[in-house]
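# Chains, contacts and geometry: an overview
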Amino acid sequence: MPEEVLFQSEGSQSRAEIASYLRRVADKLDAGGDITLTAGEQSVTMTPSAQPTFEVKAEREGPTDSPGELSIELEIEWAEGGDVGNGERGGGLEIE
């Protein structure tokens, strides 16, 4: 399935700044509201479904014999125009 990027922002941030962004997203999810992303002239508003799919991934990219780049990816996904998840249940995730 082709992918269309609706919004993208990337830049160096402090851990505190990233935590603040994540708290705002969490607050919007708790409230059941829209999430609006804005950077410069770009802006997109999205309304996550009541039961989206949540994917968490920890990755290491680069050669196996030398330092690479580490990442934690958090993804919230739902069907466009619908309020139905994909049926998968993600029991057991813990973040400490």
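Residues numbered from 1 in each chain as written. Predicted model: local features only at pLDDT ≥ 70, side-chain atom pairs only at ≥ 80, totals over all residues. Heavy atoms only, no water.

Summing up its helical and strand segments, the chain has 1 helix and 4 strands in all. When the helices and strands of the chain are read in sequence order from the N terminus, they spell out α-β-β-β-β. Looking at the chain residue by residue over its 96 residues, the buried ones come to 6%. Here the analysis covers contacts within the chain between residues at least 6 apart in sequence; of these, 39% occur between residues at least 24 apart. (Helix = DSSP H or I, 4+ residues; strand = E, 2+ residues; numbered from the N terminus. Buried < 20%, exposed > 50% of the residue type's maximum accessible area, 1.4 Å probe, protein only. Contact = heavy atoms within 4.5 Å.)

Looking now at the pattern of salt bridges. Taken as a whole, this structure holds 2 salt bridges when the rule is applied. The shortest N-O distance in the salt bridge between K57 and E55 comes to 3.6 Å. Take E55: its relative accessible area is 34%, and that puts it in the partly exposed class. Put simply, K57 and E59 hold a salt bridge, and the shortest N to O gap is 3.8 Å. You can call K57 partly exposed: its relative accessible area is 32%. (Salt bridge = Lys/Arg side-chain N within 4 Å of Asp/Glu carboxyl O.)

Another aspect to go through is a negative patch on the surface. A surface patch of negative charge is lined by E3, E10, E61, E69, E73, E75 and E77. A per-element tally of the negative patch places strand β4 (residues 69–77) first, with 4 residues. (Patch = residues over 30% accessible without salt bridge, like charges linked within 9 Å, V, L, I, M, F, W, Y side chains within 5 Å. Areas by Shrake-Rupley, 256 points an atom, 1.4 Å probe, with all protein chains shown as cover. Lys, Arg positive; Asp, Glu negative; His and termini not counted. Charge placed at Lys NZ, Arg CZ, Asp CG, Glu CD.)

This part is about the pairing of strand β1 (residues 35–39). Strand direction decides the pairing type here: β1 and strand β2 (residues 42–46), joined by 5 bridges, are antiparallel. Counterpart to I35 in the pairing with β2 is M46. Linking β1 back to β2 in an antiparallel pair, the connection comprises 2 residues, with G40 at a positive phi of about 60°. (Pairing = 2+ DSSP bridges.)

So, on to a nonpolar patch on the surface. Taken together, the side chains of I18, L22, L29, F54, V56, I72, L74, I76, L93 and I95 define a hydrophobic patch exposed on the protein surface, amounting to about 930 Å² of accessible area. When contributions to the nonpolar patch are tallied by element, the ones reaching two or more residues are α1 (15–31), β3 (53–61) and β4. You can see L22 is positioned in helix α1. Take L22: its relative accessible area is 47%, and that puts it in the partly exposed class.

By themselves, these are just geometric observations and shouldn't be taken as functional.
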